[in-house]
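Spelled out, the chains give:
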Amino acid sequence: MADENWKPKIIAIICNWCSYAGADLAGGARIQYPPDIRAVRVMCTGRVDPLFILKAFQDGADGVLVSGCHFGDCHYLEGNYKAAKRMFLLKSVLKNIGLDDKRLRMTFVSASEGAKWGMVMEDVVKTINELGPSPLNELAR
Amino acid sequence: MAEVKNKEARIGVFVCHCGTNIAGTIDIEAVKEYAKTIPNVVVADNYAYMCSTPGQNKIADAIKEHNLTGVVVAACTPRLHEPTFRNATAAGGLNPFRFEMANIRDQNSWVHMHQPVEATEKAKDAVRIAVAKASLLEDLVPKSVPVEKTAMVVGGGVGGMQAALDLADAGIKTYLVEKSPTIGGRMSQLDKTFPTLDCSQCILTPKMVDVYRNENIELLTYTEVEAVEGYIGNFDVTLRKKARGVLTPKEAEARGIVGGGCTGCGDCANVCPVIKPNPFELGMAPRKAIYIYHPQVSPLIYTVDFDACVKCGLCVEACGEKKAVDLEAKDEFITVKVGTAILALGYDIFPIEKKFEFGYKNFDNVITSLEFERLICASGPTGGHLVRPSDGETPKRIAFVLCAGSRDNTDTGKPYCSRFCCMYSLKHAHQIIEKIPGAVPYIFYMDIRSFGKMYEEFYYRIQNEGAKFIRGRVANITEDPVTKNLHVNAEDTLLGRPVDLEVDMVVLAAAIQPSAETEKTRRLFGVSCSQDGWLLEAHPKLNPCGTTTAGVYLAGACQGPKDIPDTVAQAEGAASAASIPIHKGEVELEPYFAQCIEEKCAGCGMCVYQCPYQALSLVEKNGRTVMQVTEAKCKGCGTCGGFCPGGAIWMQHFASPQIIAQIDAFLLGGEQ
Ligand SMILES: Cc1cc2nc3c(=O)[nH]c(=O)nc-3n(C[C@H](O)[C@H](O)[C@H](O)COP(=O)(O)OP(=O)(O)OC[C@H]3O[C@@H](n4cnc5c(N)ncnc54)[C@H](O)[C@@H]3O)c2cc1C
Ligand code: SF4
Ligand code: SF4
Ligand code: FES
């Protein structure tokens, strides 16, 4: 299992209008959360190609978070519905390649939910810490 | 569109201290030194405030000196300063889209304040990720689109009216859309207004007339927004004109009824047999099935309540030759084109019966402040005589319960301050002292928020007039079943003892909440809301009238509780903001369009169904079927690009190789 110095590598792909703004708001409110997640900004979660996520896992990510607007609030009407569908399908693909599907998470955090963003961060880090390093990562080594 | 990796990328990295905001946690020097080791980085620098003029000059100078192909600034958030640094990039002679930001403040130093080591590591990663993207960025040109020279204001309260008047006076044709049969909003229900105590109707009615008469304003009352399409400069707004059942003189003329249409005489209502409560009087006075809210309505046109109408036809007869009543009227739909829009949707009173401890609706003599306004108003249901609903007697001892449902963190209340209740309750105290000899107002408060100009002075004045102030939150109210008097139970927190005060009447300064259709309307315009449902401004300090949807602005209480002066001020701000794109005549859209990589496109057409804006279609090109993007329709969400199984869609500025480079940069340390 994980050695003591192991730190999870988690990537978050987040939409510009809701989750990115919510993450900024968490900053404005000085909400403190674990520093293990790196963010990539896209305009909408609809942009998230399942290949991005597979690539991240292949590169050794221990967890991937996709976060967008609440249903009905997507800046482009329905990008998040499409994304949610894709993530759902992708989870079964992950299982097939031997990854716990909890390593991929989709959340909905609005521009006014700074506190919720903090909670999501806590929770994602906790989940991945419990799961330990990605088995793909171990194989690669 | 260049899918080739830019092998000769030359990137400059600039790390901002943001005073101590970033430098207080993150080791700036370490990040800068690290940046120099990242592939493609040819220069790295730091500065106290990168957004300042010297900071921006550093970027422009470095572009020239080092012949940069891309710029990375590690600082606050692109949502604040991306435009600033794009300008600086352009000033150095580079295409502004060759800029990428690493957020090391809002999403790093501010949220990891006690973990400087980890925060510094995260900042290095963020810079590496940004450099990876910047290395692959390409020149882009924003798309310039013409702006329709008309505007729309939704909501005809004092905020919406002021915004429409300002736009109209600036020469812009403006549609003012109001869901109720008249403009005026809540202000027309008020008696007097603090702190000057001028009569609300007296200052509002002239404005209502101005709106009605203004040639640049097309007033659409009893109308709702049904659908919104398009983007800044070119919104297509579909409106539902609800069946009013009564023709205006103009509409009558259009139907060939010469000299006909409603004159507001009221002959119809006199004969109508159906009686309903008048919502304008909060149900305290009756109206007919054909009605106006009050005599000062604008436009002065009657409305048929088709849910109540029994179609007896008496009104048609009474109207006679004017032929204004049309009992067969149907909803009509129209679509108008506007360049910009302002939402001024106002507020509703929180249903205070949900806080059962106050006994509203259970005890006759517990009323809300808005009901008080109607009862004290000379044109109200009692002709301005404040009476007890239980027996019609004049109350002498009146308790005002402030923060009823406001500043209340229980499940049933609202956490925010409703902001104008302290002031209007002081006004109410003054009104009863003035009108009812020997009356004593008892004000139960947590603290009096008299923050505006001349407001604190008004507070002193009411104290001197003899109002009694009891500092403490009201725990509950009980009723004496015989006298219908009320007992207000609270703790006087200044004297540290419980209070049980018997009074003749209780007035609840009930919290306010977003108006009923705010949720539906904001979604149509793509505007976000805060946790409490108030519409969300683009930036709380720097852009309080704007929203994150370009071309849509906010005015008045719909953005958060606001009294009349603040509402009018924001309305004027919103009108000014909404007129800027119209006067400019064109706006630039961020060129994040989808492009078809034709060699890769299989012509399957699956993407066509992904696009929510019908921007994609299949066309024949060189004997092959390929997808084609209509740029004017594409909003750049990337939903098609996230889907195409063949990777044949190139999303400008968010292209797959760019995003994958970011992922690789983080996880593989930039090597690959
Ligand atoms: C009891 C009481 C006393 C007050 N006394 C004072 C005072 O003395 N001084 C003072 O400065 N302020 C006072 N206020 C506050 C004042 O009422 C507000 O500041 C003011 O009404 C805000 O104006 P507005 O235009 O933002 O909203 P509103 O007045 O609420 O107007 C909104 C309008 O938009 C319409 N609308 C809503 N949704 C839609 C939709 N989806 N589509 C189309 N139309 C829509 C509504 O029908 C309404 O006409 C008082 C408030 C209360 C409750
Ligand atoms: S304005 Fe006064 S009464 Fe109203 S919520 Fe704020 S503090 Fe309470
Ligand atoms: S990027 Fe979005 S709006 Fe543009 S064509 Fe693709 S799906 Fe449609
Ligand atoms: S814009 Fe946030 S999910 Fe679409």
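For the structure itself, consult the block above.
Residues numbered from 1 in each chain as written. Chains lettered and ligands numbered in written order. Predicted model: local features only at pLDDT ≥ 70, side-chain atom pairs only at ≥ 80, totals over all residues. Heavy atoms only, no water.

Asks: Tell me about the overall build of chain A, and name the residues and values.
Replies: Counting its secondary structure elements, chain A contains five helices and four strands. For a compact globule of 141 residues, the expected C-alpha radius of gyration is about 14 Å, and chain A comes in at 15 Å, within 12% of that figure. With respect to the three principal axes, the spread of C-alpha positions in chain A is 40 × 35 × 20 Å. Put simply, chain A has 141 residues, and 62% of those count as buried. A total of about 5600 Å² of accessible surface is found on chain A, and carbon and sulfur atoms cover 57% of it. Side-chain charges in chain A split into 18 positive and 16 negative, and the spacing between the mean points of these groups amounts to 4 Å. (Helix = DSSP H or I, 4+ residues; strand = E, 2+ residues; numbered from the N terminus. Rg over C-alpha atoms; globule rule 2.2 N^0.38 Å. Buried < 20%, exposed > 50% of the residue type's maximum accessible area, 1.4 Å probe, protein only. Areas by Shrake-Rupley, 256 points an atom, 1.4 Å probe, with all protein chains shown as cover. Lys, Arg positive; Asp, Glu negative; His and termini not counted. Charge placed at Lys NZ, Arg CZ, Asp CG, Glu CD.)

Asks: Before we move on, could you go through the overall build of chain B and cite the residues and values that matter?
Replies: Within chain B, the regular secondary structure consists of 17 helices and 34 strands. Along the first, second and third principal axes, the C-alpha atoms of chain B reach 90 × 75 × 40 Å. Expressed as a percentage of the 672 residues in chain B, the buried residues total 57%. Residue pairs in contact within chain B that sit at least 24 positions apart in sequence constitute 68% of those at least 6 positions apart. Counting every atom, chain B has about 27700 Å² of accessible surface; 52% of that belongs to carbon and sulfur. (Contact = heavy atoms within 4.5 Å.)

Asks: Describe helix α3 (residues 79-96) of chain A, naming the residues involved and giving the relevant values.
Replies: The end-to-end C-alpha separation of α3 of chain A is 26 Å, in line with the 26 Å expected for 18 residues at 1.5 Å each. Among all positions of α3 of chain A, only G79, N80, K82, A83, A84, R86, M87, L90 and L94 of chain A are buried. Of the surrounding secondary structure, the elements contacted by the buried residues of α3 of chain A are α2 (50-58), β3 (63-68) and β4 (104-108) of chain A together with α16 (606-610) of chain B. Of the residues flanking the end of α3 of chain A, it is G98 of chain A, one or two places downstream, whose phi is positive at about 85°. (Expected span 1.5 Å × (residues − 1).)

Asks: Any chance you could break down the site of ligand 2 for me, citing the residues and the numbers?
Replies: All names here are of chain B. L402, C403, S406, R407, C417, S418, R419, F420, C421, C422 and R449 make up every residue found near ligand 2. For the shell around ligand 2, the secondary structure elements donating two or more residues are β21 (397-404) and α12 (421-435). Among the residues making up the shell around ligand 2, the classes are represented as six nonpolar, two polar and three charged. (Near = heavy atom within 4 Å. Nonpolar A, V, L, I, M, F, W, Y, C, P; charged D, E, K, R; others polar.)

Asks: Please give an account of empty space enclosed by the protein that cites residues and values.
Replies: One pass over the structure, following the stated rule, counts six cavities of 30 Å³ or more. Lining the largest cavity are 26 residues, and of these Y20, A39 and V40 of chain A together with M101 and N103 of chain B lie nearest its centre. For the lining of the largest cavity, the elements supplying multiple residues, two or more each, are β2 (37-42) and α4 (114-131) of chain A together with α3 (78-91), β4 (99-103), α4 (105-109) and α5 (116-134) of chain B. In the lining of the largest cavity, the residues fall into 15 nonpolar, five polar and six charged. There is about 90 Å³ of room inside the second largest cavity. The residue inventory of the lining of the second largest cavity, partitioned by class, reads eleven nonpolar, one polar and one charged. (1 Å grid on protein atoms, 1.4 Å probe; cavity = no way out; pocket = protein on both sides within 12 Å on 5 of 7 lines; lining within 4 Å. Points joined across faces, edges and corners; volume = space filled by probe spheres on them.)

Asks: Can you break down the state of the cysteines residue by residue, with the values?
Replies: Residues and elements named next belong to chain B. Counted under the stated rule, the structure contains one disulfide over all chains. Paired through a disulfide, C199 and C202 show a sulfur-sulfur distance of 2.2 Å. Where C199 bonds to C202 through sulfur, the torsion about that S-S bond is close to 90°, and the disulfide is right-handed. For the unlinked cysteine C312, the closest cysteine sulfur is that of C315, found at 6.0 Å. (Disulfide = S-S within 2.5 Å.)

Asks: Could you give me a rundown of the sheet that holds strand β25 (residues 486-492) of chain B, with the residues and numbers involved?
Replies: Residues and elements named next belong to chain B. Across the sheet, which stays open at both edges, the three strands sit in the order β24-β25-β26 with antiparallel pairing between neighbours. Only two strands of the sheet have a single neighbouring strand rather than two, namely β24 (474-479) and β26 (497-503). Direction aside, neighbouring strands of the sheet carry axes that sit 20° apart on average. Judged from the seven bridges that link them, β25 and β26 form a sheet pairing that is antiparallel. (Pairing = 2+ DSSP bridges. Axes fitted to C-alpha atoms, helices over the stretch in contact; angles between N-to-C directions.)

Asks: Can you lay out helix α2 (residues 53-66) of chain B for me, pointing to particular residues and giving the numbers?
Replies: Residues and elements named next belong to chain B. Compared with the 20 Å implied by 1.5 Å per residue over 14 residues, the 20 Å span of α2 between its first and last C-alpha is a close match. Buried within α2 are the following residues: G55, I59, A60, A62 and I63. The arc enclosing the buried residues of α2, seen along the axis, measures out at 160°, which places them on a common side. Seen from the open side of α2, the exposed residues pointing more than 90 degrees away from its buried face are T53, K64 and E65. For α2, the elements touching its buried residues are β1 (11-16), β2 (41-47), β3 (70-75) and α3. Positive backbone phi, approximately 55°, marks N67, located one or two places after α2. (Arc of directions from axis to C-beta.)

Asks: So, unusual backbone geometry: which residues are in play, and what are the values?
Replies: Residues and elements named next belong to chain B. At the junction of F194 and P195, the peptide bond is cis and its omega measures out at -10° in the coordinates. With respect to the helices and strands, P195 occurs in the loop between β8 (192-193) and β9 (198-199). A positive phi angle is found at L197, which is not glycine, with a value near 65°. Assignment of secondary structure puts L197 in the loop between β8 and β9. Unusually for a residue other than glycine, Q614 sits at a positive phi of about 50°. If you trace the backbone, Q614 turns up in the loop between α16 and β32 (616-621). Exposure remark for Q614: the relative accessible area of 57% places this residue in the exposed category.

Asks: An account of the interface of chain B and chain A is needed here, citing residue identities and associated values.
Replies: Across the boundary between the two partners, chain B contributes 54 residues, which contact 51 residues of chain A. Inspection of the chain B/chain A interface yields six salt bridges. Counting across the interface, chain B meets chain A through 25 residue pairs in polar contact (both at pLDDT 80 or more). (Salt bridge = Lys/Arg side-chain N within 4 Å of Asp/Glu carboxyl O. Polar contact = N/O pair within 3.5 Å; in protein donor to acceptor, adjacent residues only side chain to side chain.)

Asks: Hey, could you go over the sheet that holds β4 of chain A for me, with residue numbers and the actual values?
Replies: All names here are of chain A. With respect to topology, four strands assemble into an open sheet ordered β2-β1-β3-β4, the strand pairing being parallel. Each edge of the open sheet carries a strand with a single partner, namely β2 and β4. Taken pair by pair, the neighbouring strands of this sheet meet at an average axis angle of 20°, ignoring direction. Judged from the six bridges that link them, strand β1 (residues 10-15) and β2 form a sheet pairing that is parallel. Its bridge partner being in β2, I13 is matched across the sheet by V40.

Asks: Please provide a residue-by-residue account of the pairing of strand β22 (residues 440-445) of chain B, values included.
Replies: On any regular strand, side chains alternate: one points to one face of the sheet, the next to the other face. Residues and elements named next belong to chain B. Extensive coverage of β22 is indicated by the burial of five of its six residues. The parallel pair β21 and β22 is bridged by α12, and the resulting crossover is right-handed. When β22 meets strand β23 (residues 468-471), the two strands line up parallel, connected through four bridges. Bridge pairing in β23 links Y442 to K468. Following the chain from β22 across helix α13 (residues 455-465) to the adjacent parallel β23, one finds a crossover that is right-handed. (Right-handed = clockwise from strand over helix to strand, strands pointing away.)

Asks: Please give an account of the site of ligand 1 that cites residues and values.
Replies: Residue and element names in this part refer to chain B. Around ligand 1, the surrounding shell holds 37 residues, and the nearest of these are E178, Y347, K427, K562 and I564. E178 places a polar side-chain atom, nitrogen or oxygen, 2.5 Å from an oxygen atom of ligand 1. Between ligand 1 and the protein, one listed contact pairs an oxygen atom with a backbone N or O atom of A557 at 2.9 Å. Burial of ligand 1 by the surrounding chains reaches 97%, relative to a free accessible area of 1000 Å². A per-class count over the shell around ligand 1 returns 16 nonpolar, twelve polar and nine charged. Looking at which domains feed residues into the shell around ligand 1, each of domain 2 (150-241 + 335-346 + 516-584) and domain 4 (349-513) supplies at least three. (Domains from an automatic or database assignment.)

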